[in-house]
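Observations on the three-dimensional arrangement
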Amino acid sequence: MTELKTAWKQRVFAALRKIAQSGNLSADALSEDMIVAEFPPKPELGDIGFPMFSYAKIFRMNPAMLAVQIAAVLEPVQSEDGTALGVAKAVGPYLNVYFNREALSRHIFRNRTNFSQTPLAGRKVMIEFSCPNTNKPLHLGHLRNNVLGESLSRIMKTAGAEVQKVNLINDRGIHICKSMLAYQVYGGGRTPEDEGLKSDHFVGKYYVLFNTLKAEDPAAEEKAQELLRKWEAEDPEVMNLWKKMNAWAVDGIKATYARQGISFDRYYYESQTYMKGKEEILAGLERNIFYREEDGSIWANLEDIGLDRKVLLRKDGTSLYITQDIGTAIYRHSDWPFDQLIYVVASEQQYHFRVLFEILKRLGYEWAKDLYHLSYGLVNLPSGRMKTREGTVVDADDLIDELASLAQKEIAERERESAIDDAAQVAEKIALGALHYYLLQTSPIKDMLYNPEQSLSFTGNTGPYIQYMGARACSILRKFEKGEGNAGKGMVTPSKLSADADWMLVRRLLALQEAVELAARSKEPSVIAAYAHDLASDFSSWYRDNPVLASEDPDLSATRVELVKAVKAALEKICWMLCIPFLEEM
RNA sequence: GCGUUCGUAGCUCAGCUGGAUAGAGCGACGGACUUCGAAUCCGUAGGUCGCAGGUUCGAUUCCUGUCGGACGCACCA
């Protein structure tokens, strides 16, 4: 589809030049990338539309007239065997291309979701996401981050890129020490098993208990700092406790990843990377890229590009958050030389990344231009921002549990329990479908409102709707396999799909490649989510009005079965890209 | 104060590099299950695209200003 569009653009451009020559007009102002192609709003207007206005202006001609002239001289796009892949017609001030429906239906049957072109082929893309703290379990905000990172990596893979997914676990710092201190005071040596808690929730419980401790012991903050100093001095007792609690936290977090269906190719741990970067800063200081204040701290002055001054090393010589990020980026690039590194991090850190990228550029790393901050908005509740202190944080595991139990109730209400193998497992998958689709349908950059009522819905523009259409397609194909209907007696005949209703669905399938390219280029899984809904919706109205197995014409039935297979393949691929489990039945 | 960003139907969101009548879902109202699973489908109602200028043959889309919201501007992460 993408190549078809490109090919037609070239033809239109060639035709324009031809007209310019014969009319003795100047075509200097024309270039091929000026040719805009759009999607006509109605099926009778064809499959590609070229507005003539801008060229008409250059030629000082009536746009409708120009469209007629181009249609007359335009050479049609052909396939390798010489079949015309469409015809161009002038429709008012537009030149519209009508595809050869038979040829393109055949193309979809043959290739399904195997794209003829992958724009990111050969590119190495590293994607960093999730990056949890080890003092508490994941919450709704992490779920958005996780699914964004995983989905984007799958989309980029589909677009041909080689992707490496990385995670940086924030396993050190004062927040960890607070959980550790509270555990020392209140934990009594108990384990998560003793308390019957998932291990990361167990650690999180003690982090919350630190607030209680603070109320009881005014020196609590100071004691936590003391613990951090001991940790940095590698006090054996503290290290032991730290290792134990971190293992609990990380194990629990990984269990949530597994449940969500996301994974990483490589884990980095802050405790191993936080020292990195210091040498870089000192080397930069020698080269006068940075400067030293009287108190000994080291700074970068970025005022010339509208940013502020930024501390890079404390007066006592210790590292900061940004120091570590500088080191980690350098380390990663030498580790796996990427063409692009994408940081999936909330929008509140936009300034941090602008500073980080600029400093790496000043240090002379030419790949600094390949760093990209995929900034995404916060997930807010109707009552406002989630706040740990007010207990309004939506816990990730609890949320999935709730969705799954609701899905199971829905299955029971629809009396589907006997029809499916494992209702509990299907319910879990529906829950994830609902959750992930809900989180991905909004553009990443926008803050989103988490409306419990709406997100718990399984009808309408939702993940389960997409899953349902996949299941319906599978259901039809199962019946076909069993020999129901007359499709088995027919011959696949693509020319039978020339009716508008069939063609709309074929055309939608053709548009998948373009959607993937756009989603990969703009780093917006929401593009695929929108496409998923369009395809599912098209399929839904199509199979209602167009009998697949029971058509009177066996050839038409056989052909429509091929179309259903193509729809199923597309939905399966889309679901994978959106981290929505594909269901054969539900 | 400075910077970034968002502002489209009652609500939650789409709207591709400016283009043919601004689209979904939810909610409201009205229809469709002896016919491939009704988590579905069809129809009706609902929008001065925050506001004001500008560029353009043409602006929801680009520019400027303005109003409103969010976030950021730590020797925290």
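Predicted model only: the values in this text are computed from it and were never measured.

This part is about the packing of aromatic side chains. Counted by the stated rule, this structure contains 22 aromatic pairs. Arranged with centres 4.6 Å apart and planes meeting at 40°, the rings of F129 and F264 form a pair that is tilted. A residue pair is termed long-range when its members are at least 10 positions apart, and F129 in the loop between β4 (124-128) and α5 (140-158) and F264 in the loop between α10 (236-260) and β6 (266-269) qualify at 135 residues. Each of the two residues, F129 as well as F264, counts as buried. Among the aromatic side chains, those forming a connected cluster through ring pairs are F129, Y257, F264, Y267 and Y269. In this structure, K254 packs its charged tip against the face of Y267, placed 4.4 Å from the ring centre. Above the ring of Y331, the side-chain terminus of K276 is found at 4.3 Å from the ring centroid.

Further remarks concern the domain arrangement of chain A. Taken domain by domain, chain A comprises domain 1 (2-99), domain 2 (124-376) and domain 3 (430-577). Spacing between the C-alpha centres of domain 1 and domain 2 amounts to 53 Å.

Okay, the protein's contact with RNA strand B next. Neighbouring RNA strand B are 63 residues, the closest being K42, Y94, D295, R314 and Y543. Protein-adjacent atoms of RNA strand B, using a 4 Å cutoff, are sugar or phosphate at a proportion of 60%. The backbone of L549 places a nitrogen or oxygen atom 3.2 Å from a base oxygen of RNA strand B. Elements with a minimum of two residues in the surface near RNA strand B: β1 (48-51), α2 (53-59), β3 (94-99), α14 (350-362), β13 (448-449), α18 (463-481) and α21 (525-545). Take the surface near RNA strand B: its biggest share by element is 8 residues, from α18.

With that settled, the discussion passes to the side chain of D171. By secondary structure assignment, the location of D171 is in the loop between β5 (162-169) and α6 (174-186). For the buried D171, no salt bridge is present, and the opposite-charge side chain at shortest range is R172, 6.5 Å distant. At a separation of 3.4 Å, a polar atom in the side chain of D171 contacts the main-chain amide nitrogen of E270.

This part takes up the pattern of salt bridges. For the coordinates displayed, the defined rule picks out 39 salt bridges. Between R414 and E410 there is a salt bridge; the shortest N-O distance is 2.3 Å. Since its relative accessible area comes to 24%, E410 is described here as partly exposed. What you see here is one network of salt bridges that share partners, running through D304, E358, K361 and R362.

Looking now at the sheet that holds strand β7 (residues 291-292). The strands making up a sheet associate through backbone hydrogen bonding, with each pair oriented either parallel or antiparallel. As summarised here, the arrangement of the 3 strands in space is β7-β8-β9, forming an open sheet in which the pairing is antiparallel. Sheet topology places β7 and β9 (309-313) at the edges, where each strand pairs with a single neighbour. Summarising the sheet, β7 and strand β8 (residues 298-301) pair through 2 bridges and their orientation is antiparallel. Opposite Y291, over in β8, you have W299 as the bridge partner.

Analysis parameters
Residues numbered from 1 in each chain as written. Chains lettered and ligands numbered in written order. Predicted model: local features only at pLDDT ≥ 70, side-chain atom pairs only at ≥ 80, totals over all residues. Heavy atoms only, no water. Phe/Tyr/Trp six-rings, centres within 6.5 Å; stacked < 30°, edge-to-face > 60°. Helix = DSSP H or I, 4+ residues; strand = E, 2+ residues; numbered from the N terminus. Buried < 20%, exposed > 50% of the residue type's maximum accessible area, 1.4 Å probe, protein only. Lys NZ or Arg CZ within 6 Å of the ring centre and 35° of its normal. Domains from an automatic or database assignment. Near = heavy atom within 4 Å. Polar contact = N/O pair within 3.5 Å; in protein donor to acceptor, adjacent residues only side chain to side chain. Lys, Arg positive; Asp, Glu negative; His and termini not counted. Salt bridge = Lys/Arg side-chain N within 4 Å of Asp/Glu carboxyl O. Pairing = 2+ DSSP bridges.

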